[in-house]
Amino acid sequence: MDYVQLIMRWENDGNAPKTISLSDGVTIETFPKRKSALDDWLDIIQYGLTDGRLDTDCYKRCMTDLENYDDNKCFFIVKDGFAAATITVICDDKTKEGYIHMVACRPEFRGQGFGTLLNDIAMNTLKSEGMKTAYLTTDDFRIPAIKSYLRCGFVPDLSTEDFKERWAKIMEEIKK
């Protein structure tokens, strides 16, 4: 059987988007606003999402070829001018379902709360765009990311026996 990424799902709680506060030197920029966006994105995703730095074809395949992709919803967390992390939110206005895509952070910026900030950006975008539900895919070994997704309201998709078994192991690991 081929490997299938795990799925997590979210339902809009109806609460307003929360106010995001940024520490000194930290800004949020969108793809169109960042002069070096493509290079920054390719640099960041090589840390955990791809095997090394890929080329512009990767961006086309992974992003612009996707239905409903909007580069204004591809966000960067920038620390002192340096792109540290990225997240993309894809919104389907017809189904009102969002998709959290290509979440990554450079290793030297991990542990500084940027994962939480990425999730806050995503949740605010989903709510502002009127999404009723959303989903993301992840891997079993991404325990820190899974913990952060759980904290912002995503729940494991238990729709298959394989998912149920894998999620049970992950939840045991998280309890340790």
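Cut-offs used in this document
- Along each chain, residues carry numbers from 1 onward, in the same order as the chain's sequence is written.
- For a predicted model such as this one, the threshold for reporting local features is a pLDDT of at least 70, and the threshold for listing and counting side-chain atom pairs is 80 or more; totals across whole chains, interfaces and linings nevertheless cover every residue.
- Derived side-chain values reflect all non-hydrogen atoms in the structure, with water molecules and hydrogen atoms excluded from consideration.
- Side-chain rings of Phe, Tyr and Trp (the six-membered ring for Trp) are treated as a pair once their centres are within 6.5 Å; stacked means planes under 30 degrees apart, edge-to-face means over 60, and tilted covers the remaining angles.
- Starting at the N terminus, helices and strands are each numbered in turn, a helix being any DSSP run of H or I of at least four residues and a strand any DSSP run of E of at least two.
- DSSP calls a pair of strands paired once it identifies at least 2 bridges connecting them.
- Helix axes are fitted only over the stretch in contact, all axes being lines through C-alpha atoms; the angle between N-to-C directions runs from 0 to 180 degrees.
- Any angle that falls under 35 degrees is termed roughly parallel, while one over 145 is termed roughly antiparallel, one within 65 to 115 roughly perpendicular, and all others oblique.
- Two residues form a contact once any of their heavy atoms are found within 4.5 Å.
- Any residue outside Ala, Val, Leu, Ile, Met, Phe, Trp, Tyr, Cys, Pro, Asp, Glu, Lys and Arg is labelled polar, Gly included; the first ten of those are nonpolar and the last four are charged.
- Using a 1.4 Å probe on the protein chains alone, a residue whose accessible area is under 20% of its type maximum counts as buried, one over 50% counts as exposed, and one in between counts as partly exposed.
- As used in this record, nonpolar core signifies buried Ala, Val, Leu, Ile, Met, Phe, Trp, Tyr and Cys residues forming a set joined through side-chain atoms within 4.5 Å.

A.B. asks: Can you lay out the packing of aromatic side chains for me, pointing to particular residues and giving the numbers?
C.D. replies: Following the criterion strictly, the structure yields eight aromatic pairs and no others. Seen from their ring centres, Phe31 and Tyr59 are 4.8 Å apart, and the 10° between their planes marks the pair as stacked. Of the two residues, Phe31 is situated in the loop between strand E2 (26–30) and helix H1 (37–45) and Tyr59 in helix H2 (residues 56–64); the sequence distance between them amounts to 28 residues. Grouping aromatic residues by their ring pairs yields a cluster made of Phe31, Trp41, Tyr59, Tyr69 and Phe76.

A.B. asks: Residues and numbers for the pairing of strand E1 (residues 6–11), please.
C.D. replies: The side chains of a regular strand alternate, first on one face of the sheet and then on the other. As paired elements, E1 and strand E6 (residues 133–138) share six bridges and run antiparallel to each other. Along E6, the bridge assignment pairs Met8 with Leu136. As judged from the two bridges shared by E1 and strand E7 (residues 155–156), these two strands associate in the antiparallel manner. Note on E7: the bridge partner recorded for Arg9 is Val155.

A.B. asks: Give me the lowdown on the packing of H1 against H2, citing residues and values where you can.
C.D. replies: In the contact formed by H1 and H2, the axes pass within 10 Å of each other and the chain directions differ by 80°. As summarised for this structure, H1 and H2 are arranged roughly perpendicular, according to the angle between their axes. Listed contacts from H2 to Leu38, Trp41, Leu42 and Ile45 of H1 are Thr56, Cys58, Tyr59, Cys62 and Met63. Here the residues of the contact of H1 with H2 are counted per class, giving eight nonpolar, one polar and no charged.

A.B. asks: Now, about the pairing of strand E5 (residues 97–105): what can you tell me, with residues and values included?
C.D. replies: Most of E5 is tucked away: seven of the nine residues are buried. As paired elements, strand E4 (residues 82–92) and E5 share seven bridges and run antiparallel to each other. In the sheet register, Ile90 faces E5, and the bridge partner there is Tyr99. Two successive antiparallel strands, E4 and E5, enclose a turn made up of four residues, where Lys96 displays a positive phi of approximately 65°.

A.B. asks: Outline the environment of Asp39, supporting the account with residue identities and numerical values.
C.D. replies: Tracing the backbone through its elements, the reader meets Asp39 in helix H1. Each C-alpha atom of the pair Asp39 and Ser148 lies 27 Å from the other, and the pair is 109 residues apart in sequence.

A.B. asks: Let's hear about the environment of Gly111: which residues, and what values?
C.D. replies: Of note, Gly111 is situated in the loop between E5 and helix H3 (114–128). By relative accessible area, Gly111 is classed as exposed at 87%.

A.B. asks: Could you give an account of the nonpolar core, naming the residues involved and the relevant values?
C.D. replies: Among soluble globular proteins, nonpolar side chains are generally buried collectively. In this structure, Ile77, Ile100, Phe114, Leu126 and Phe154 are the most contacted members of the largest nonpolar core, which totals 34 residues. Counting residues per element, the ones that place at least two in this core are E1, strand E3 (74–79), E4, E5, H3, E6, helix H4 (143–151) and helix H5 (161–175). Among the elements that line this core, the one with the most residues is H3, at seven residues. In contact with Phe114, other than residues within four places in its own chain, are Val26, Ile77, Lys79, Ala84, Cys105 and Phe109. Ranked by size, the runner-up nonpolar core spans 16 residues in total, among them Ala37, Ile45, Cys58 and Met102.

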